[in-house]
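Chains, contacts and geometry: an overview
Here is what each chain is made of, one letter per residue.
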Amino acid sequence: MVKEECKALLDALNKVTACYRHMVLTIGGTSDSQNLREELKKTRQKAQELAVANRNKLTTVLKDKTVSKEDKAEFERLWVIFSTCLEILEIDMRRALELGHEFPLNVPKKHLIQTGMSGGTSGVAARAMSVQNMKYEADHNIDVVDLKDLENEINQVGEMMYEMEMKVNVPQWTVEAKQDPGAELKSTISVGASSIGMISVEENKSFCDISKVLAGIIFTAVLIIAIVLAVCVVKLS
Amino acid sequence: MTAWPVGDQQWVLSPLVLYGALENTFAKRSLSTRWDPEHSNDIFQWILQRLQITEEEALHLGDLFVKYGYIYPLLEPKNLTLKTDGSLYRFQTPYFWPAQSWPADDTDYAIYLAKKNIKRKGILEEYEKEHYNMLNQKINYKWDFVIMQAKEQYKAGKERKKADRYALDCQERAYWLVNRTPPGMLDVLEYGLDRVTDPNENKKKNIAFYRREIMYYQQAIMKTRVKSSVSLGGLVKYSEQFLSNDPILSGCLPSNPWITDDADFWDLNAKLVEVPTRMRVERWAFNFNELIRDPKGRQNFQIFLRKEFSGENLSFWEACEDLKYGDQSKVKEKAEEIYKLFLAPGARRWINIDGTTMGITVKGLQHPHRYVLDAAQTHIYMLMKKDSYGRYLKSPVYKEMLAKAVVPQETVKKKFHFPVWPPSAPLQPQPHHPEAAGGRGQSQRSRHDRGHHTGHEQAGSQEPAQEGTSQVGSEPRREKTSRGWC
């Protein structure tokens, strides 16, 4: 159950990071707005909370000497995923900071770039915050005010990563990936909360069936042709 | 944000300039429909007006914008040029601008490829597949994260409008086309070697810096200098002397093996061939170094020295060379042997070196290393050069060798390998090689009536090239017309 909890936390962090990336992509474009900045702030804070929770959980587990070897390997794998996720989050936060500085929203002559995006990112933000609808309640100069907070948070994340490196000694390169190349193809057909393992097995089965059916068809076709030719030969001779 | 040097065009692209430049556009267009892509003509016109430059320059600038990924074409994503036929372009989102100098991470690229894999259900381009597999091996430990993140980003993307999703796809694709160029496309972000020092960096002029400068200049003053007229004169003399021996500039007899596939040239010029070529023997007369560096020359010289009873000099020199370039493990033994054979008082082949040198050498031999006999070797070298060399050149040994030396005939080219090769035109006048001319006369065959079939080729020898039946090997190579073949 500890493993499941860790995995769930990690999945949540992963989701929030992905949404954050989506939102940072739209800064400075046509769909940039105060709402976007607020969404960024909220998502970021949520990501930080999740990161702290993840870290606490994983450090306690990794420091525990009583876990078995396979468990330890599994937790190390989760740790690597977590630290990579955190790296990406930090990079995105830094980029958000720079872009935020360059594209302030309250100046009279806004210079937003015509990227051709028209819709907003509220759906993405809702997904990140796991709510149905986003509520916007911030001041209208959030874009400038938020940047200071953002800087502090970046520092915090940086420190957290440093501490992590120092406290937990997990050599990253020893972890082997569980998923093969191309694994992403197997489980994206159905959207939903079903477990990934089951879906991949199903997909495999269906693929096998299709290939088997095809093979059967081709074989029978060749057989028929052979029979026809034999009959012709017999008839002619 | 710093200025960002760009490839070898050295065009500094400061974001501030760019933002200022682009700002105007948006001020004008912020009220109109906000998601129309731009026409290339509009972009071109706007650059022209805004920056007040010539048309050519505006076109070039616009082209650079496209190449670096600030603007991307909608119809032909891989063709990163600014066309003037009104095709549509879109601006790239600031996250993906190269001006930020954020490195395009491998992890990000892996996530992008995985996402593309999901979207296209496994259909990636060849080079993308290769990258995918390579990244899978390279960052295997992150692979689980890559796949997780790719799936999540894909799902998050679904929360947006369809048009936005399409725009986002285009943006990402454009970004990765610039940052991970497919094979065959120009890689504009290639900025050359990673240098340790940044030439544009401002160095702080503190004490350490000045101290280093002073040291550098002091050492520079102490260097020995030669007048450039002297050194250039030496260079010219060397070139003139060796011009006829250079196989590229003056051609080689019998023929250049790289062209005619005929390895005779190498066989005839082997290290210790029985009968060396005439060119080689003549080269020994240029200076002593040539003689002593040529194994055959050394052999001949040794014969001469034996007659003069000073063969041990050359043997000693050869032994020293062996010591210098031989195995490190054998250095000590070899040094001992050499000492016993050549240097010890009463040695069998005692060489005649002066007292100081002998003293230095003996002292050094207590701790032998490769170069312990350097002083003695130099002394002997100078002795041979100043004394024996002169006599050698006048000796019957050398003259006999010279007479025996062979001048190879130019090979007759048997096949028409490269009809487009123009004939290698010769670079020196004929009288220098009467045998060559004779040989050539015999080797002129199967040549249609051309009228320049006489002993000396003139500049008109370029003709055979154009007629396409040039036989490179059979053209004489000793006249001063330039070589057409590259």
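Residues numbered from 1 in each chain as written. Chains lettered and ligands numbered in written order. Predicted model: local features only at pLDDT ≥ 70, side-chain atom pairs only at ≥ 80, totals over all residues. Heavy atoms only, no water.

1. Focus on the overall build of chain B
For chain B, the helix and strand inventory stands at 22 helices and three strands. Relative to its 486 residues, chain B shows a buried fraction of 45%. Within chain B, contacts between residues at least 6 apart in sequence are counted, and of these 64% link residues at least 24 apart. A total of about 27,600 Å² of accessible surface is found on chain B, and carbon and sulfur atoms cover 56% of it. (Helix = DSSP H or I, 4+ residues; strand = E, 2+ residues; numbered from the N terminus. Buried < 20%, exposed > 50% of the residue type's maximum accessible area, 1.4 Å probe, protein only. Contact = heavy atoms within 4.5 Å. Areas by Shrake-Rupley, 256 points an atom, 1.4 Å probe, with all protein chains shown as cover.)

2. So, the environment of Leu97 of chain A
All names here are of chain A. You can see Leu97 is positioned in helix H3 (residues 69-102). Under the relative-accessibility criterion, Leu97 is labelled buried at 13%. In sequence terms Leu97 and Glu151 are 54 residues apart; their C-alpha atoms lie 7.1 Å from each other.

3. Here we look at the UniProt feature "transmembrane region" (unreviewed entry) in chain A
Here the UniProt feature "transmembrane region" (unreviewed entry) sits at residues 213-234 of chain A. Counting secondary structure, residues 213-234 of chain A comes out at 100% helix and 0% strand; the distance between its end C-alpha atoms is 32 Å. (UniProt positions renumbered as here; feature names shortened; annotations may be inferred.)

4. What to know about the pattern of salt bridges
Overall, the coordinates contain 35 salt bridges over all chains when judged by the stated rule. Linking Asp146 of chain A and Arg44 of chain A is a salt bridge whose minimum nitrogen-to-oxygen distance equals 3.0 Å. On the criterion of sequence distance, the pair formed by Asp146 of chain A in helix H5 (residues 142-167) and Arg44 of chain A in helix H2 (residues 34-63) is long-range, its members being 102 residues apart. Like Arg44 of chain A, Asp146 of chain A is buried. Its salt-bridge partner being Glu125 of chain B, residue Lys78 of chain B comes within 2.9 Å of it at the nearest N-O pair. Of this pair, Lys78 of chain B sits in the loop between strand E2 (71-73) and strand E3 (88-91) while Glu125 of chain B sits in the loop between helix H4 (106-120) and helix H5 (126-138), and the two are 47 residues apart along the sequence. For Lys78 of chain B, a relative accessible area of 37% gives the class partly exposed. Overlapping salt bridges, with partners in common, bring together Lys7, Glu74 and Arg77 of chain A together with Asp144 of chain B in one network. (Salt bridge = Lys/Arg side-chain N within 4 Å of Asp/Glu carboxyl O.)

5. What about the interface of chain B and chain A?
How big an interface is tends to be reported as the loss of accessible area on association of its parts. Between chain B and chain A, the residue contacts involve 54 residues of the former and 62 residues of the latter. Between chain B and chain A we count four salt bridges in total. There are twelve residue pairs in polar contact (both at pLDDT 80 or more) connecting chain B and chain A. Elements with a contribution of two residues or more to the side of chain B that touches chain A: helix H1 (15-29), E3, H4, H5, helix H6 (143-157) and helix H7 (162-179) of chain B. It is H6 of chain B that contributes the most residues to the side of chain B that touches chain A, twelve residues altogether. In the side of chain B that touches chain A, the residues fall into 25 nonpolar, twelve polar and 17 charged. (Polar contact = N/O pair within 3.5 Å; in protein donor to acceptor, adjacent residues only side chain to side chain. Nonpolar A, V, L, I, M, F, W, Y, C, P; charged D, E, K, R; others polar.)

6. Quick look at the pairing of E3 of chain B
Residues and elements named next belong to chain B. Where strand E1 (residues 38-39) meets E3, two bridges bridge the pair, whose relative direction is antiparallel. Among the inter-strand pairings, Glu38 is bridged to a residue of E3, identified as Tyr89. Where E2 lies against E3, three bridges are found, and the strand directions are antiparallel. By the bridge assignment for E3, Tyr72 is matched with Arg90. (Pairing = 2+ DSSP bridges.)

7. What to know about a nonpolar patch on the surface
All names here are of chain A. The grouping of Ile210, Leu214, Ile218 and Val222 at the surface amounts to a nonpolar patch, some 380 Å² of accessible area in total. Counting through the fold element by element, Ile210 comes out in helix H6 (residues 196-236). Judged by relative accessible area, which is 51%, Ile210 ranks as exposed. (Patch = residues over 30% accessible without salt bridge, like charges linked within 9 Å, V, L, I, M, F, W, Y side chains within 5 Å.)

8. A look at H6 of chain B
Compared with an ideal rise of 1.5 Å per residue, which puts 15 residues at 21 Å, H6 of chain B spans 21 Å between its outermost C-alpha atoms and is within 8% of the ideal. Buried residues dominate H6 of chain B, accounting for 13 of its 15 residues. (Expected span 1.5 Å × (residues − 1).)

9. Remarks on the packing of helix H1 (residues 2-25) of chain A against H2 of chain A
Residues and elements named next belong to chain A. Interaxial distance between H1 and H2 falls to 9 Å at its minimum, and their mutual angle equals 155 degrees. As summarised for this structure, H1 and H2 are arranged roughly antiparallel, according to the angle between their axes. Handedness of the H1/H2 crossing: left-handed. Grouping the amino acids of the contact of H1 with H2 by side-chain chemistry returns 18 nonpolar, two polar and five charged. (Axes fitted to C-alpha atoms, helices over the stretch in contact; angles between N-to-C directions. Parallel < 35°, antiparallel > 145°, perpendicular 65-115°, else oblique. Left-handed = near helix turned anticlockwise from the far one by under 90°.)

10. What to know about the sheet that holds E3 of chain B
The strand order E1-E3-E2 (chain B) describes an open sheet built from three strands, whose pairing is antiparallel. Taken across any chain shown, the strands that pair with only one partner, and hence form the sheet edges, are E1 and E2 of chain B.

11. Looking at the packing of aromatic side chains
Residues and elements named next belong to chain B. This structure, assessed with the given rule, holds 24 aromatic pairs over all chains. Relative to Tyr112, the ring of Tyr109 has its centre 6.3 Å away and its plane inclined at 25 degrees; by these criteria the two rings are stacked. Taken as a pair, Tyr109 and Tyr112 lie in helix H4 at a separation of three residues, close to a single helical turn. Taken individually, Tyr109 and Tyr112 each receive the classification buried, so the pair is uniform in this respect. Taken together, the aromatic side chains of Phe288, Phe301, Phe304, Tyr381, Tyr389, Tyr392 and Tyr398 make up a single cluster linked through ring pairs. When the ring centre of Tyr109 is taken as reference, the NZ or CZ atom of Arg180 above it lies at 5.1 Å. (Phe/Tyr/Trp six-rings, centres within 6.5 Å; stacked < 30°, edge-to-face > 60°. Lys NZ or Arg CZ within 6 Å of the ring centre and 35° of its normal.)

12. Some thoughts on the environment of Trp173 of chain A
All names here are of chain A. Within the element layout of this structure, Trp173 appears in the loop between H5 and H6. For Trp173, a relative accessible area of 67% gives the class exposed. In the structure, Trp173 is positioned 93 residues away from Val80 in sequence and 9.0 Å away in space, judged by C-alpha atoms.

13. Here we look at the packing of H3 of chain A against H6 of chain B
Remark: H3 of chain A packs on H6 of chain B, axes separated minimally by 9 Å, with the N-to-C direction vectors making an angle of 55 degrees. Of the possible angle classes, the one that applies to H3 of chain A and H6 of chain B is oblique. The crossing of H3 of chain A and H6 of chain B is right-handed. Within the contact between the two elements, H3 of chain A uses Arg77, Ile81, Thr84, Cys85 and Ile88 of chain A and H6 of chain B uses Asp144, Phe145 and Met148 of chain B. Grouping the amino acids of the contact of H3 of chain A with H6 of chain B by side-chain chemistry returns five nonpolar, one polar and two charged.

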